[in-house]
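# An overview of the molecular structure
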Amino acid sequence: MTHISPTDPKPGGSLFSRAAKAGSWSIFQVMGSNLLRLGSNLIMTRLLVPEAFGLMAMIGVLIAGLSLFTDIGIARSVAREPDGDQEHFLRVAWVVKIGRGAMIAACMLVIAILFWIFAPIYAPAGTVYADPDLPLLMALAALAPLIQGFDSTRNELCQRRLQMQYPAIFETGNHALTIVVMVVFAWFSPTVWALITGVLMGAVLKVLSTHLFYPGPRMAFVWDREIADRLWRYGKWLMGSSIFTFFAVNADKLLLGVFLDSTTFGILVIAMFWVEAGILFIARLSDGVGFPVISEVLRTRPDDAPRLYRKLQSVIDGICAVAFLILIFAGQLIIDLLYTSTYAVAGGYLTILSLRFLAVRFDTVNGLIMSQGNSWAMMVISGIRAVWICTALPLAFTYIGFKAVLIVIALVPIASVPYSLWLVRPYLGTKQISFDLLWLVMTLAIAGFVYAYV
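Residues numbered from 1 in each chain as written. Predicted model: local features only at pLDDT ≥ 70, side-chain atom pairs only at ≥ 80, totals over all residues. Heavy atoms only, no water.

### A closer look at the overall build of the protein chain
Along its length, the protein chain carries 19 helices and zero strands. Residues classed as buried in the protein chain amount to 54% of the 454 residues present. (Helix = DSSP H or I, 4+ residues; strand = E, 2+ residues; numbered from the N terminus. Buried < 20%, exposed > 50% of the residue type's maximum accessible area, 1.4 Å probe, protein only.)

Shown next as structure tokens:
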């Protein structure tokens with residue numbers, strides 16, 4: 001039986017005004033976060049050697065992978081379920097989150113032990129996987145998902161209600177405090193352990209802020225099989241999708257960890273930092289504002305959803321085009337101005353990776369598919385992308401060269417575009433689909449030009 005008990009009153013105002021306010025706060029959060037990351041990045045690159053960033057990138061891949069392998073879409077369930085804002089639902093979802101965090105931590109410890117035993121024997125000498133510090137870093141980093149599992153589902157409630165001022169203010173503040181701790185640690189001990197300290201500090205601060213300062217019900221250990229079953233029914237295909245998503249998003253780092261030495265890998269991570277910062281901004285607008293808005297419209301007035309989607313896509317297209325132009329023409333200049341000569345080659349990497357912004361605009365189409373509850377299709381989309389990166393990257397590295405590898409990485413999102421557009425064509429209409437296909441052809445043509453002349 002489903003239990004209903006009210007949470008704090010829902011915010012007033014029209015959907016448009018709430019979306020505009022949420023969008024403003026999301027922009028503030030992403031801009032603040034990216035500025036803090038940039039400042040931290042510039043300071044830490046002067047305190048630490050490139051190998052440290054390569055090792056932390058690999059730790060990040062591991063955490064992201066295990067998080068995706070166990071992702072059942074709790075935030076999306078809170079956003080789309082009719083009782084997703086109710087106290088009982090939120091408490092049950094919190095218990096599920098805790099169990100998921102503990103599972104991720106346990107898996108990380110097992111992987112750390114396996115690396116400790118087998119990496120000295122099988123990892124190619126001089127590569128990221130052969131670094132003797134990696135197993136211990138993995139074991140210590142296992143604390144992060146364990147801590148994060150206790151994040152209050154008040155966070156997801158704020159996303160559903162478009163109350164983005166809370167994550168914007170507190171996550172930005174937490175990020176600033178984390179950076180201070182990390183820089184102080186690195187000043188006295190300039191090693192990769194400073195970066196791990198920052199990861200753990202950030203996890204602790206987020207848990208505290210979600211429980212102490214976000215609006216919503218107090219968390220408690222409550223179980224309801226019916227709610228858990230609903231979370232699983234929606235999330236089981238998402239979990240399959242997330243496994244493929246992990247390989248689609250992170251297989252480049254996993255494979256390059258075999259092909260590249262630690263220094264080259266660390267420099268590539270610096271170039272990827274700039275691309276990922278822009279993608280985070282776009283994802284924040286799409287997932288933090290677009291998904292809740294479209295989900296609410298689908299619940300209340302579904303006929304208006306295609307029109308609102310087209311407006312969202314227009315905004316995303318403009319942001320992607322500007323980001324691409326900035327990085328393709330000024331990528332090298334950015335690296336030369338902000339980093340030491342050790343990282344100069346990252347400018348060339350960044351120029352080519354700018355293509356990612358032309359490709360990532362299609363993720364909004366996938367967000368629409370997700371809003372309609374088609375988690376099976378999302379698994380197929382992620383699977384297509386995973387096959388692309390796992391097949392094309394090794395072939396490009398072996399037979400063409402590193403420039404081709406960077407283009408393969410940049411164009412991952414377009415691998416699934418034909419399937420995605422086929423799914424939404426009855427919903428969006430011929431005009432929008434034709435525009436999307438034109439964008440796809442333009443992206444491929446520009447990629448060919450970049451390969452030939454950049």
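Moving on, there is more to tell.
### Regarding the packing of aromatic side chains
If you walk through the whole model with that rule in mind, you get 13 aromatic pairs. Summarising the aromatic geometry, the rings of Phe118 and Tyr122 are spaced 6.3 Å apart at their centres and angled 35° between planes, so their arrangement reads as tilted. Remark: Tyr122 and Phe118 occur in helix H4 (residues 87–122); sequence separation between them is four residues, near one turn of the helix. For Phe118, a relative accessible area of 40% translates into the label partly exposed. A ring pair is formed by Tyr166 and Tyr214, whose centres lie 6.3 Å apart and whose planes are at 40°; its orientation type is tilted. Here Tyr214 lies in the loop between helix H9 (193–212) and helix H10 (225–259) and Tyr166 lies in helix H8 (residues 165–188), a separation of 48 residues in the sequence. The exposure class of Tyr166 is partly exposed, given its relative accessible area of 25%. Residue classification places Tyr214 among the buried positions, given a relative accessible area of 2%. Every member of this aromatic cluster is reached through a ring pair, and the members are Tyr166, Phe170, Phe213 and Tyr214. (Phe/Tyr/Trp six-rings, centres within 6.5 Å; stacked < 30°, edge-to-face > 60°.)

### What to know about helix H19 (residues 430–453)
Spanning 24 residues, H19 covers 35 Å between terminal C-alpha atoms, matching the ideal 34 Å at 1.5 Å per step. The set of residues buried in H19 consists of Gln432, Ile433, Asp436, Trp439, Leu440, Thr443, Ala447 and Val450. (Expected span 1.5 Å × (residues − 1).)

### Some thoughts on a positive patch on the surface
Taken together, the side chains of Arg307, Arg310, Lys311 and Lys431 present a region of like positive charge at the surface. The element contributing the most residues to the positive patch is helix H12 (residues 305–338), with three residues. Tracing the backbone through its elements, the reader meets Lys431 in helix H19. Given a relative accessible area of 77%, Lys431 falls into the exposed group. (Patch = residues over 30% accessible without salt bridge, like charges linked within 9 Å, V, L, I, M, F, W, Y side chains within 5 Å. Areas by Shrake-Rupley, 256 points an atom, 1.4 Å probe, with all protein chains shown as cover. Salt bridge = Lys/Arg side-chain N within 4 Å of Asp/Glu carboxyl O. Lys, Arg positive; Asp, Glu negative; His and termini not counted. Charge placed at Lys NZ, Arg CZ, Asp CG, Glu CD.)

### Quick notes on the environment of Ala346
Relative to the assigned elements, Ala346 resides in helix H13 (residues 346–353). The exposure class of Ala346 is buried, given its relative accessible area of 0%. Counting along the chain gives 76 residues from Ala346 to Ile270, while the straight-line C-alpha distance between them is 6.8 Å. Setting aside anything within four residues of it in sequence, one finds Ala346 in contact with Ile267, Ala271 and Ile335. (Contact = heavy atoms within 4.5 Å.)

### Focus on helix H18 (residues 417–428)
With 12 residues, H18 extends just 14 Å between its outermost C-alpha atoms, more than 12% less than the 16 Å of an ideal straight helix rising 1.5 Å per residue. When we look at burial in H18, the residues that qualify are Val417, Ser420, Leu421, Val424 and Leu428. Taken around the axis of H18, the buried residues stretch over an arc of 90°, which confines them to a single face. Set apart from the buried face of H18 by more than 90 degrees, the exposed residues are Pro418 and Pro426. A positive backbone phi angle near 95° is found at Gly429, which sits one or two residues after H18. (Arc of directions from axis to C-beta.)

### Examining the pattern of salt bridges
This structure, assessed with the given rule, holds 12 salt bridges. Salt-bridge contacts for Glu171 lead to Lys206; the nearest nitrogen and oxygen are separated by 4.0 Å. Of this pair, Glu171 sits in helix H8 while Lys206 sits in helix H9; the two residues are 35 residues apart in sequence, bridging distant segments of the chain. When its relative accessible area of 25% is taken as the criterion, Lys206 is described as partly exposed. Residues Asp229 and Arg225 are paired through a salt bridge, measuring 3.1 Å at the closest nitrogen-oxygen approach.

### So, the side chain of Thr210
One can find Thr210 in helix H9. Residue classification places Thr210 among the buried positions, given a relative accessible area of 0%. One polar contact links the side chain of Thr210 to the main-chain carbonyl oxygen of Val207, over a distance of 2.9 Å. If near-sequence neighbours (up to four positions away) are discounted, Thr210 is found in contact with Asp151, Ser152, Arg154 and Asn155. (Polar contact = N/O pair within 3.5 Å; in protein donor to acceptor, adjacent residues only side chain to side chain.)

### A few points about the packing of H13 against helix H17 (residues 402–410)
In the contact formed by H13 and H17, the axes pass within 9 Å of each other and the chain directions differ by 45°. Considering their axes alone, H13 and H17 lie oblique with respect to each other. In this structure, H13 crosses over H17, and the sense of that crossing is right-handed. Contacts between H13 and H17 involve Tyr349, Ile352 and Leu353 from the former and Phe402, Lys403, Leu406, Ile407, Ile409 and Ala410 from the latter. (Axes fitted to C-alpha atoms, helices over the stretch in contact; angles between N-to-C directions. Parallel < 35°, antiparallel > 145°, perpendicular 65-115°, else oblique. Left-handed = near helix turned anticlockwise from the far one by under 90°.)

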